[in-house]
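Given next are the chains, with one letter for each unit.
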Amino acid sequence: MPHKLKTENKHSIFFVAVVVLIIVAIVIILIFVKKNKTNNNQTINPETFKGQVIDDVVKIPTTTQIMVNEGENVVRGEYNIKLQPQSEIDKVLIVKAKLTLKEAYNTVQEVAKSWSDDAKLISIKSNGALGLDGKSSSWQLIFGSYQKEKAYEIIIEADKIIAQKEIVSDVYGYELPLNWYDSNEAISSFSNLPQFGLDTISSISFYYSFANDSWAYGLANGEKTTSMWVN
């Protein structure tokens, strides 16, 4: 009988030890996951960052007239960002990049409506360095109004409006698609495709295409322009 109790005690100790090891393993995994999540959300430190730090000077466009095909012409940006960076050296930190394309749109909606209560979007273009996260150091947003028979240009630097003006226009804006995806989604949808492995991106445009009766994203990747339709 004493031998049996000794054997049962050994089994109990072994069982407790296994349970303790499992708990310790779970705690370690949770700490590791939390640490990774925290690291992913941390702001990059420019002093230790090994990639390219871009603090570009934002230029205010000299726009004088808006044409029907506004936005279709995707002007190359000053900085070519690798779509598939292989190391931190290939990555960029854009100091003034605060807003995605849709965030820029949300930022200026009230301003556009105060200009004209029937204001509708004509186009949005990145007006500065553009990152793979869909954020740009500057955005150019153009709205139109049937009442005024004009367009209104708003320029954002970082997350602040720095310029706005009325412009002669042949178009007065369009109804936006429901649940249209953002610039970061437009970029990520093709950045991981093998055929774009060596490509770069320098600018993005969101515009209405008469030819396809649809809104679209135009992305300047290298010397090419890739269009993506938004239904």
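Just above, that's the structure.
My aim in this report is to walk through the structure given alongside it, one point at a time. (Residues numbered from 1 in each chain as written. Predicted model: local features only at pLDDT ≥ 70, side-chain atom pairs only at ≥ 80, totals over all residues. Heavy atoms only, no water.)

**Let's talk about the pattern of salt bridges**
So the rule is basically this: Salt bridge, as applied in this entry: a Lys or Arg side-chain nitrogen positioned within 4 Å of an Asp or Glu carboxyl oxygen. Going along the chain from the N terminus, every DSSP run of H or I of four or more residues is numbered as a helix, and every run of E of two or more is numbered as a strand. Buried residues are those whose accessible area, probed at 1.4 Å on protein chains only, stays under 20% of the maximum for their type, while exposed residues exceed 50% and partly exposed ones sit between those limits.
For the coordinates displayed, the defined rule picks out 7 salt bridges. A salt bridge links E70 to K125; the shortest N-O distance between them is 3.2 Å. Of this pair, E70 sits in the loop between strand 2 (65-66) and strand 3 (81-82) while K125 sits in strand 6 (residues 120-126); the two residues are 55 residues apart in sequence, bridging distant segments of the chain. A salt bridge links K150 to E166; the shortest N-O distance between them is 3.3 Å. Of this pair, K150 sits in strand 9 (residues 150-157) while E166 is found in strand 10 (residues 160-169), placing the two residues 16 residues apart along the sequence. By relative accessible area, E166 is classed as partly exposed at 39%.

**Let's talk about the nonpolar core**
Put simply, the test is: Nonpolar cores were defined as sets of buried Ala, Val, Leu, Ile, Met, Phe, Trp, Tyr and Cys residues, with membership established by side-chain atoms within 4.5 Å. When checking whether two residues touch, look at their non-hydrogen atoms; a contact exists if any pair is within 4.5 Å.
W139, L141, F143, F206 and Y217 are the most contacted members of the largest nonpolar core, which has 45 residues in total. If we skip the residues at most four places from it in the chain, F143 touches Y105, V108, A112, W115, A119, K120, L121, I122, K150, A151, Y152 and I154.

**Describing the packing of aromatic side chains**
Our working definition: The rule is short: rings of Phe, Tyr and Trp, with Trp giving its six-membered ring, pair when the centres are within 6.5 Å, and they are stacked under 30 degrees, edge-to-face over 60, tilted in between. Distance and angle both matter: a charge sits over a ring if NZ of Lys or CZ of Arg is within 6 Å of the ring centre and within 35 degrees of the ring normal.
Overall, the coordinates contain 14 aromatic pairs when judged by the stated rule. Between Y105 and F143 the ring centres are 6.1 Å apart and the planes differ by 25 degrees, which places this aromatic pair in the stacked class. Taken together, the positions of Y105 in helix 2 (residues 101-115) and F143 in strand 8 (residues 138-145) put the pair 38 residues apart, joining distant regions of the chain. Assessed through its relative accessible area of 3%, F143 is described here as buried. Consider the rings of F206 and Y217, whose centres lie 4.9 Å apart with planes at 40 degrees: the pair is tilted. In this pair, F206 is assigned in strand 12 (residues 203-209) and Y217 in strand 13 (residues 214-221), connecting sequence segments 11 residues apart. Comparing F206 with Y217 shows no difference in burial state: the two are buried. Each residue in the set Y105, F143, Y174, W180, Y181, F206, Y208, F210, W215 and Y217 is aromatic and connected to the rest through ring pairs, giving one cluster. The lysine or arginine in question, K102, covers the ring of W180, its NZ or CZ lying 4.7 Å from the ring centre.

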